[in-house]
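As a plain string of letters, each chain reads:
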Amino acid sequence: EFMVQSAPQSAALVLCGDFNAERNEPAMVQMELDGWKSAYEECCNTEPYSTWKIRRTGEVKRCIDYVWLMSIDQKRVWVDSCLLPPSEDQVQSERFPSWQFPSDHINLVVDLTFYCL
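Residues numbered from 1 in each chain as written. Predicted model: local features only at pLDDT ≥ 70, side-chain atom pairs only at ≥ 80, totals over all residues. Heavy atoms only, no water.

Asks: Provide a residue-level description of the overall build of the protein chain, including the pertinent values.
Replies: Across its full length, the protein chain carries three helices and seven strands. Counting from the amino terminus, helix and strand elements in the protein chain follow one another as α-β-α-β-α-β-β-β-β-β. Projecting the C-alpha coordinates of the protein chain onto the three principal axes gives extents of approximately 50 × 30 × 20 Å. A buried classification covers 34% of the 117 residues belonging to the protein chain. Across the protein chain, every contact between residues at least 6 apart in sequence was considered, and the portion connecting residues at least 24 apart equals 70%. Here the protein chain contributes 10 positive and 18 negative side-chain charges, whose respective centroids are spaced 3 Å apart. (Helix = DSSP H or I, 4+ residues; strand = E, 2+ residues; numbered from the N terminus. Buried < 20%, exposed > 50% of the residue type's maximum accessible area, 1.4 Å probe, protein only. Contact = heavy atoms within 4.5 Å. Lys, Arg positive; Asp, Glu negative; His and termini not counted. Charge placed at Lys NZ, Arg CZ, Asp CG, Glu CD.)

Asks: Report on the sheet that holds strand 2 (residues 37–38), specifying residues and quantitative values.
Replies: The antiparallel open sheet is built from three strands, whose spatial order is 1-5-2. Each edge of the sheet is formed by a strand with only one pairing partner; in this case those strands are strand 1 (12–18) and strand 2. With seven bridges connecting them, strand 1 and strand 5 (residues 65–71) associate as antiparallel partners. The partner of Leu15 across the bridge, within strand 5, is Trp68. (Pairing = 2+ DSSP bridges.)

Asks: Let's hear about the nonpolar core: which residues, and what values?
Replies: If you look at the biggest cluster of nonpolar residues, it comprises eleven residues: Ala7, Ala11, Leu13, Ala21, Met28, Met31, Trp36, Cys63, Tyr66, Trp68 and Met70. Of all the secondary-structure elements, those providing two or more residues to this core are helix 2 (26–33) and strand 5. Broken down by element, this core gets its largest block of residues, three residues, from strand 5. Excluding anything up to four places from it in sequence, Ala21 contacts Met28, Cys63, Ile64 and Tyr66. (Core = buried A, V, L, I, M, F, W, Y, C linked by side-chain atoms within 4.5 Å.)

Asks: How would you explain the packing of aromatic side chains if you had to name every residue and give the values?
Replies: Applying the stated rule across the entire model yields five aromatic pairs. Taking 5.5 Å as the distance between ring centres and 75° as the angle between the ring planes, the aromatic pair formed by Tyr49 and Trp52 counts as edge-to-face. Over the ring of Trp52 we find Lys61; its NZ or CZ atom is 4.2 Å from the centre of that ring. (Phe/Tyr/Trp six-rings, centres within 6.5 Å; stacked < 30°, edge-to-face > 60°. Lys NZ or Arg CZ within 6 Å of the ring centre and 35° of its normal.)

Asks: So what about the state of the cysteines? Which residues, and what values?
Replies: Taken as a whole and assessed by the stated rule, the structure comprises zero disulfides. In this structure Cys63 is not part of a disulfide, and its nearest cysteine sulfur, from Cys44, lies 11 Å away. (Disulfide = S-S within 2.5 Å.)

Asks: Run through the pairing of strand 4 (residues 58–62), naming residues and quoting values.
Replies: Pairing of strand 3 (residues 51–55) with strand 4 involves five bridges; the strand directions are antiparallel. When the bridges of strand 4 are listed, Arg55 appears paired with Gly58. Linking two consecutive strands that pair antiparallel, namely strand 3 and strand 4, is a turn of two residues.

Asks: Explain the pattern of salt bridges to me, and be specific about the residues and the numbers.
Replies: Throughout the structure, instances matching the rule amount to six salt bridges. One salt bridge connects Lys53 with Asp104, and the closest N-O pair in it is separated by 3.1 Å. With Lys53 in strand 3 and Asp104 in the loop between strand 6 (77–82) and strand 7 (110–114), the pair connects residues that are 51 residues apart, well separated along the chain. Given a relative accessible area of 13%, Lys53 falls into the buried group. Accessibility expressed as a relative area gives 29% for Asp104, which makes it partly exposed. (Salt bridge = Lys/Arg side-chain N within 4 Å of Asp/Glu carboxyl O.)

Shown next, in the form of structure tokens:
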């Protein structure tokens, strides 16, 4: 709310990070209600997984990391492309972290174009 209220009308805002919440949880639902759009949904029409772990209770593959976008007066930022997560056959049996993927989260990468008037 502070970011939106503090930004000039011509601003394009980008908010990204580990939100530790899936899309159906209240915080993420509120992001959409407040006008934020997911860069991955804009680019791929889906939210890919961002973490895949094996826990004592079982295997957990989910999206809890996001790149959120907001244009105060619309069409100030455009998603050109995004990096998809590794396919299942590219991920080792121990999932994340591993020698191949040393973090328990994968990188989210989007190419953005900002339009200035």
